[in-house]
Amino acid sequence: MPDPIYFDMVKGPKGGWNELTLQQWLWWPARCFRVIAPEATNQGLNLFEQLVLGLCRARVPEALRQAALLGLDEKLVDTIQLQLRELGLLDGTLSVTPEGAETLRDAALDSGRLVTGYVFQDPFTGSLWDRFIEVENERYGQVERDGAATWIVRGAAGKERRHPTVLVDHPASQLPAPTPSDVSAAVRRHRRAIERWRQSRDADDGSSDRRRLEDTGDSASGARVGRVELLASTPVPCFVATYLYSRSSVPLPTSLLVADPFGLGASDRLLQQILDFADSDRSSPLARRLDSVLRKAHRTSYGEFREQARAFRLNAERRVEDEVGVDRRDLEAFPAMVRMEQAILESEALEDEQRFEQEMNAKHQARTALEAVLRSSLGKYSLAGIERYLDLPLSDRTREGMHRRLETLGQQIGLACPLPQHVSASMSFQRVRGITSDKQRVERAGVRDLFVINLLLALRDPAHPMRRAATQESALAQRVFDLADKCNPAAHGRVVSGARAGDVRRELYALVGLLVGSGDARKESV
């Protein structure tokens, strides 16, 4: 068995260490593989399409000017712009859509350069973390051990500080090595995680560092695997440094956070894994240490803390059940509504900045729930063929033409017009076909896309929930998009929305009642 590697890449919190209510350093186990992998690549666009899309982002949308700058025929540029609009990368005004901006970010990484680094395998589940550390960016930790006691040494030479740590040993298990496809996906997801973290950090108003970053599935449609080589088929055991901390003097369930070992804020995934591990053996060094720091910081034991977290969740579940019915736990939106209620409950126990953060989190979860409500009906229906409703002549494939078409279709199921203008932003025949033919894209679709797809489904099914809801509320579209507008800033880590969490909560439940029925309505499995 090779000697373990200790990685110390975790960064200090914004505002420094002194503001933390509690702090406990951990060495968390992982299996690392040294690999040669390509940088994240994208083969969805050719060079000309990338250049045209980039010029549109630079506010040079005119085909004549683009043709002159690129040395291309104007008709070819017109054709490329039309294709980009049909792909949903440009809208009717030739502005770059969010999906187009994401595509450009991927294209910027398409150098094809091979890099050497580490990928990390979870020793408990065998899955790869969404992290990839290039060799030139690795930082090794300084560790001191004396029997069962372990310290991490940090700081510049001559000014080192020793922090006691808890080391969680590797489980005894035999796990398969990751495949080249697994490694490539992990590399790509790591790039996306960095980009999401930077966007969240740049959008932050500087008040807090409590940004959560969860590992996600590979959302890169069309990504190529490229050449990936494991430099050794046998993993090296390693430990990554992290720390548990809190900024709240109130021992609420979310007051306990854990730093992402790779410097990207707080990690919900790792925190849950740590708590589950401690729960499995309350006599373990980790559980005992958690009990110690919680008693010191919050005058509560670890067992009491977990019971309080359970009580908060049960209370939040009861609040959701009171609104939608006790028999509606099978709603796809139920978990997000519970998280919304938890955030509201915790905001009521906090003050100032932290209360504001929980209210923002509640609005974020409300948006997630709204998307889940709209997505829930899609599994009942075949999506094949609904794009024919948007198969317009080329001359009408503009944002205005698409909007007129959607209004006509909306009136057929009872929706009041005019529809919100952004209901048709970047929507097209090709975009609908792309979303409905790709399960991953359906799972990632936002409120606008989900609303349009449900509208198209309602045209051919008299029993569709949206058709039924429109008979009760003709302004359904306006209400859905008004709520989405209130929640969007919070969902993207911004705090500009002035909507109160309580108002968002009431409107969400009203829409849930319209779209899936209230608690006393007949039960529908969604």
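Residues numbered from 1 in each chain as written. Predicted model: local features only at pLDDT ≥ 70, side-chain atom pairs only at ≥ 80, totals over all residues. Heavy atoms only, no water.

Draft legend 1. Structural context of the environment of Gly513. Examined against the element boundaries, Gly513 turns out to sit in helix 17 (residues 501–516). C-alpha separation for the pair Gly513 and Ala469, spaced 44 residues apart in sequence, amounts to 8.9 Å. (Helix = DSSP H or I, 4+ residues; strand = E, 2+ residues; numbered from the N terminus.)

Draft legend 2. Representation of the pairing of strand 9 (residues 236–246) within the structure. Among the 11 residues that make up strand 9, 10 are buried, leaving the element largely enclosed by the rest of the structure. Pairing geometry for strand 1 (residues 5–7) and strand 9, over three bridges, is parallel. Bridge assignment links Ile5 to a residue of strand 9, and that residue is Cys238. Bridge count for strand 9 against strand 10 (residues 257–258) is two bridges, and the pairing is antiparallel. Paired with Leu244 across the two strands is Val258, which belongs to strand 10. (Buried < 20%, exposed > 50% of the residue type's maximum accessible area, 1.4 Å probe, protein only. Pairing = 2+ DSSP bridges.)

Draft legend 3. Representation of the packing of helix 8 (residues 302–324) against helix 17 in the model. Packing of helix 8 against helix 17 leaves a shortest axis separation of 10 Å and a crossing angle of 50 degrees. When the axes of helix 8 and helix 17 are compared, the pair comes out oblique. For helix 8 against helix 17, the interelement crossing comes out right-handed. Here helix 8 contributes Arg319, Val320, Glu323 and Val324 to the contact with helix 17, which in turn contributes Arg505, Tyr509 and Val512. Tallied by class, the residues present in the contact of helix 8 with helix 17 amount to four nonpolar, no polar and three charged. (Axes fitted to C-alpha atoms, helices over the stretch in contact; angles between N-to-C directions. Parallel < 35°, antiparallel > 145°, perpendicular 65-115°, else oblique. Left-handed = near helix turned anticlockwise from the far one by under 90°. Contact = heavy atoms within 4.5 Å. Nonpolar A, V, L, I, M, F, W, Y, C, P; charged D, E, K, R; others polar.)

Draft legend 4. A look at the pattern of salt bridges. Counted by the stated rule, this structure contains 18 salt bridges. The residue Arg448 makes a salt bridge to Asp449 at a minimum N-O spacing of 3.0 Å. Judged by its relative accessible area of 18%, Arg448 falls in the buried class. Owing to a relative accessible area of 6%, Asp449 belongs among the buried residues under this scheme. One salt-bridge network, held together by shared partners, links Arg313, Glu317, Glu321 and Arg329. (Salt bridge = Lys/Arg side-chain N within 4 Å of Asp/Glu carboxyl O.)

All we've got here are geometric facts, nothing functional implied.
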